[in-house]
Amino acid sequence: MSSVVNDRKAGGDRLTTGLIRIIEVGPRDGLQNEPGIIPTENKIAFVNALSRTGVAEIEAGSFVSPKAVPQLADSDEVFRKIERMPHVVYSALVPNERGLERARAVAAQKIAVFTAASETFAQRNIHATIRESIDRFVPVISGAKRDGMAVRGYISTAIFCPYEGRIEPARSAEVMKRLLDLGVDDISLGDTIGKASPADVRALLDTVLPHIARERVSLHFHDTYGMAVANALTAWKEYGIETFDSSAGGLGGCPHAPGASGNVATEDLIVALKASGATVPVDEEKVMAAGRQIGGTLNRPFASRLSKIS
Ligand code: HMG
Ligand code: MG
């Protein structure tokens, strides 16, 4: 099967390689919404297991307020104790300068700042308007760059907001342009509540891709309505997007996105992309094993489809 797809919408007759980059967000997005506190050593073992799967990046923790997300208050210790593999980039969520200090102290290679395309969600999640959040990022991004860290910019509710409903693609594009102006290296567009369909993904990508190289775009699908895999295949096949955020076992959720399910399961995404002809240098069996290992401590059913048949 060909590993080359025609990038007919994003770049005319440009061709993509078909090589997929997986950003594993399970240790952060996957664990931030768990009702209980997971022992630090289990988180460390989870990251270490994921490091051996072939994923390009692991979002290993979050340097947000421990009052906002107590589940990840021990991210500093996790970062200090994980065994880092040379081919893996270890990143963390950072909301402000205090978060950057913490990321710096544990030598995170990459930080992820995060805002939203919806004002209501931004207010609930980070207690700021979109503009205030971006103003807050100015010293964070420049400080990270000075220290040689890469910076990702997340845009939550890029398609639907749990409070405002459908978000016009132009609003996400506007926020994206402001983050790019500040120097972020890559943008992750989040379907935070997992409601988007392939048609919504097309509308978003048609609007944003004229303003950013698709190599700098990652798509972050939650899977509430079961369309995440279809969305990723659409983005890859039709637009040449090759970077996807996902979490082992389909763990995840956001404390301010009521009812939203976890991220698309990494192992299910890999199976679907491989079956569609993509080269995905990640071992889905190892991802599933890592998810099972942490899942055993969470006391809830495992969400991935692959896990139900193997
Ligand atoms: P705030 O409450 O507005 O005000 O926080 P603050 O800045 O005064 O901070 C409150 C307290 O937190 C203070 O402590 C600060 O010192 C402390 P107190 O004086 O009350 O004892 N604090 C910190 N402590 C440690 N590290 C820090 C830090 N910052 C403040 N970095 C703030 C504003 C943004 C900090 C807070 O609202 C926050 O941390 N929010 C994070 C919410 C969050 O993590 N949500 C989930 C992640 S986003 C997501 O899941 C979506 C995504 O997956 C993409 C998608 O799916 O769409 C990325
Ligand atoms: Mg998320």
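Residues numbered from 1 in each chain as written. Chains lettered and ligands numbered in written order. Predicted model: local features only at pLDDT ≥ 70, side-chain atom pairs only at ≥ 80, totals over all residues. Heavy atoms only, no water.

**Structural notes on the confidence of the model for the chain**
(1) Moving on: Residues of the chain with pLDDT of at least 70 account for 93%, and the chain-wide mean is 93.
(2) Moving on: Across residues 1-15, confidence stays below pLDDT 50; counting only partners more than four residues off in sequence or on other chains, it has 39 contacts. (pLDDT = per-residue confidence, 0-100. Contact = heavy atoms within 4.5 Å.)

**A few points about the environment of Ser-197**
(1) Moving on: Tracing the sequence through the fold places Ser-197 in the loop between β8 (186-191) and α8 (198-208).
(2) Moving on: On a C-alpha basis, the gap between Ser-197 and Ala-230 in space is 7.8 Å, while along the polypeptide they are 33 residues apart.
(3) Moving on: In this structure Ser-197 touches Met-227 and Asn-231, once residues within four positions along its chain are discounted. (Helix = DSSP H or I, 4+ residues; strand = E, 2+ residues; numbered from the N terminus.)

**Brief notes about the coordination of the magnesium ion (ligand 2)**
(1) Moving on: Around the magnesium ion (ligand 2), the donor atoms from the protein are Asp-29 (OD), His-220 (NE2) and His-222 (NE2), and they sit 2.0 to 2.3 Å away.
(2) Moving on: In terms of primary sequence, the donors binding the magnesium ion (ligand 2) are separated according to D-x190-H-x1-H. Taken together, the positions of Asp-29 in helix α1 (residues 26-30) and His-220 in strand β9 (residues 217-221) put the pair 191 residues apart, joining distant regions of the chain. With respect to burial, Asp-29 and His-220 carry one shared label: buried. (Donors = N, O, S within 2.8 Å, 3.2 Å for Na, K, Ca; no water. Buried < 20%, exposed > 50% of the residue type's maximum accessible area, 1.4 Å probe, protein only.)

**Things to note about the sheet that holds β9**
(1) Moving on: One closed barrel accounts for 8 strands, arranged β1-β2-β3-β4-β5-β8-β9-β10; its pairing is parallel. Across the sheet, the axes of successive neighbouring strands diverge by a mean angle of 25°, strand direction being ignored.
(2) Moving on: Looking at chain direction, β9 and strand β10 (residues 243-246) are connected through 3 bridges and run parallel. Across the sheet, the residue bridging to Leu-219 is Phe-244, located in β10.
(3) Moving on: Contacting β9 and β10, helix α9 (residues 228-239) runs over the sheet at an angle of about 165° to β9. (Pairing = 2+ DSSP bridges. Axes fitted to C-alpha atoms, helices over the stretch in contact; angles between N-to-C directions.)

**Here we look at unusual backbone geometry**
(1) Moving on: Residue Ala-107 is not a glycine yet carries a positive backbone phi of 60°.
(2) Moving on: The topology assignment puts Ala-107 in the loop between α4 (97-105) and β4 (110-116).
(3) Moving on: The phi dihedral of Thr-157 is positive, around 50°, even though this residue is not glycine.
(4) Moving on: Mapped onto the secondary structure, Thr-157 falls in the loop between β5 (150-156) and β6 (160-161).

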